[in-house]
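Per-entry structural report
Listed below are the residues making up each chain.
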Amino acid sequence: MHKALHYCLFLLLAGACYGAQPTLTFCHEDQNSFPWVMTDGAGLNLELLGLVQQALGFQVIYVAMPWKRCLSGMQQGLYDGAFAASFKTERLQMGRYPSDADGRPDALRRLHTSRYTLYRRIGSAVSWDGQRFTHVTGRVGSLSGFSIRDLLLAHGLEVDESSRDPLALLQMLVHGRVDAVALQTMRGDFILQANPQLARQVEKLPQLLEEKPYYLMLSNALLARDPELAERIWSEVQRQRESATYQARVEAYLAQPGH
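Residues numbered from 1 in each chain as written. Predicted model: local features only at pLDDT ≥ 70, side-chain atom pairs only at ≥ 80, totals over all residues. Heavy atoms only, no water.

Per the secondary structure count, the chain includes 10 helices and 11 strands. Relative to the globule expectation of 18 Å for 259 residues, the C-alpha radius of gyration of the chain, 20 Å, shows essentially globular dimensions. Along the three orthogonal principal directions, the C-alpha set of the chain runs to about 70 × 40 × 40 Å. Relative to its full complement of 259 residues, the chain shows a buried share of 48%. The long-range share in the chain, meaning contacts at least 24 apart out of those at least 6 apart in sequence, stands at 69%. Of the roughly 12800 Å² of accessible surface on the chain, 51% is carried by carbon and sulfur atoms. (Helix = DSSP H or I, 4+ residues; strand = E, 2+ residues; numbered from the N terminus. Rg over C-alpha atoms; globule rule 2.2 N^0.38 Å. Buried < 20%, exposed > 50% of the residue type's maximum accessible area, 1.4 Å probe, protein only. Contact = heavy atoms within 4.5 Å. Areas by Shrake-Rupley, 256 points an atom, 1.4 Å probe, with all protein chains shown as cover.)

Another point: the side chain of S163. Looking at where S163 falls in the secondary structure, it is placed in the loop between β8 (159–160) and α5 (166–174). Excluding anything up to four places from it in sequence, S163 contacts S142, L143, S144, A168, L169 and M172.

Further remarks concern helix α9 (residues 227–241). The first and last C-alpha atoms of α9 sit 21 Å apart over 15 residues, in line with the 21 Å expected at 1.5 Å per residue. Turning to α9, the residues buried within the fold contact β1 (23–29), α2 (44–56), β11 (210–218), α8 (220–225) and α10 (244–254). (Expected span 1.5 Å × (residues − 1).)

Confidence along the chain averages 90 in pLDDT terms, with 91% of residues attaining 70 or more. When the criterion is pLDDT under 50, residues 1–19 qualifies, and its contacts beyond four places in sequence or with other chains add up to 13 contacts. (pLDDT = per-residue confidence, 0-100.)

Once that is clear, we can look at the packing of α2 against α10. Running from N to C, α2 and α10 cross one another at 155 degrees; their axes reach a closest spacing of 10 Å. By the criterion of interaxial angle, the relationship of α2 to α10 is roughly antiparallel. Helix-helix and strand crossings are classified by hand; for α2 and α10 the assignment is right-handed. Each of L44, E47, L48 and L51 in α2 lies in contact with α10, whose residues at this interface are T245, Y246, R249, V250 and Y253. For the contact of α2 with α10, the per-class residue count stands at 6 nonpolar, 1 polar and 2 charged. (Axes fitted to C-alpha atoms, helices over the stretch in contact; angles between N-to-C directions. Parallel < 35°, antiparallel > 145°, perpendicular 65-115°, else oblique. Left-handed = near helix turned anticlockwise from the far one by under 90°. Nonpolar A, V, L, I, M, F, W, Y, C, P; charged D, E, K, R; others polar.)

Along helix α6 (residues 185–194), the positions that sit buried rather than exposed are T185, R187, G188, F190, I191 and L192. If you follow the buried residues of α6, they end up packed against β1, β4 (112–121), α5, β9 (180–184), α7 (196–199) and β10 (202–204).

Let us look at the packing of α5 against α6. Running from N to C, α5 and α6 point in directions that differ by 75 degrees, and their axes come no closer than 10 Å. Taken together, the axis directions place α5 and α6 in an arrangement best described as roughly perpendicular. Contacts between α5 and α6 pair P166, L167 and L170 from the former with R187, G188, I191 and L192 from the latter. Among the residues forming the contact of α5 with α6, the class breakdown is 5 nonpolar, 1 polar and 1 charged.

The next point concerns the state of the cysteines. All chains considered together, the criterion is met by 1 disulfide. Here C27 engages in a disulfide with C70; their sulfurs sit 2.0 Å apart. For the disulfide bridge between C27 and C70, the dihedral angle about the S-S bond is near 90 degrees, and by the sign convention the bridge is right-handed. Residue C27 is located in strand β1, and its partner C70 is located in helix α3 (residues 67–75); the two are separated by 43 residues in the primary sequence. C70 gets classed as buried once you look at its relative accessible area, which sits at 0%. (Disulfide = S-S within 2.5 Å.)

On inspection of all chains with the given rule, the structure shows 19 salt bridges. Note that R187 and E29 form a salt bridge whose closest N and O atoms lie 3.0 Å from each other. Placement of the pair is R187 in helix α6 and E29 in strand β1, with a sequence separation of 158 residues. The buried category is assigned to E29, whose relative accessible area is 10%. Residue E242 is joined to R241 by a salt bridge in which the shortest nitrogen-to-oxygen separation is 3.4 Å. Residue classification places R241 among the buried residues on the basis of a relative accessible area of 8%. If you follow the salt bridges from partner to partner, you end up with K88, E90, R149, D150 and E161 in one network. (Salt bridge = Lys/Arg side-chain N within 4 Å of Asp/Glu carboxyl O.)

All told, the structure shown has 7 aromatic pairs when counted by the stated rule. Ring centres of F26 and Y62 lie 6.4 Å apart, and the angle between their planes is 65 degrees; this geometry places the pair in the edge-to-face category. Remark: Y62 occurs in strand β2 (residues 59–65) and F26 occurs in strand β1; sequence separation between them is 36 residues. We classify F26 as buried; its relative accessible area is 1%. Here the aromatic residues F26, Y62 and F83 are joined through ring pairs into a cluster of three or more. (Phe/Tyr/Trp six-rings, centres within 6.5 Å; stacked < 30°, edge-to-face > 60°.)

This is how it looks when you write it as structure tokens:
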């Protein structure tokens, strides 16, 4: 009984006892992913989810960790959700995406859209014309566990996934350990802007590698426990993403010095 009382007090503190606001735990990557999630607790995904929380009346505990561990933790039911995740078929066993009437991922209920670009050393002949890669003789760097590796592998390239840090990846490029780096565009640009010396040695190819929607995935356990809440969360993401309030926050965030 004593243990049960302590446990209920713990739940009460978490806001989950006696019909209080439900508390969910969402995990995300523990590296800066400008402008969506930053290690200082800022970021547009967090702004958007904050609006969703207010609208639906629930609390979220955010946990930062390596991306692969975040997804596997959601699969094990340790976390109620993981963000931001692009669609990959093999991730369907880890959790659920918002889906449309045909059962396909519902891009209207995405958190955001992100673009990938190829970065090379200035003076390098490495190229990408939107259809094929040329003059790639070594490996191409990609962040560990990120979906862009699938495109690179499909083109027969050797992928280096040894780093979780985009700055370290670009430094590997400058030092010749990889021929090119595939990064989310806003993320790569943000790092080069913050590191002028690096920016003098690296250039971004103009042709996009890929553009895709990114989602808040929710755990199978949450869908089994409260499917209605899951659907309300995903639908509210869409509503808030298109709201004037969120759009104003996007403009304000991107207008900050250094961004």
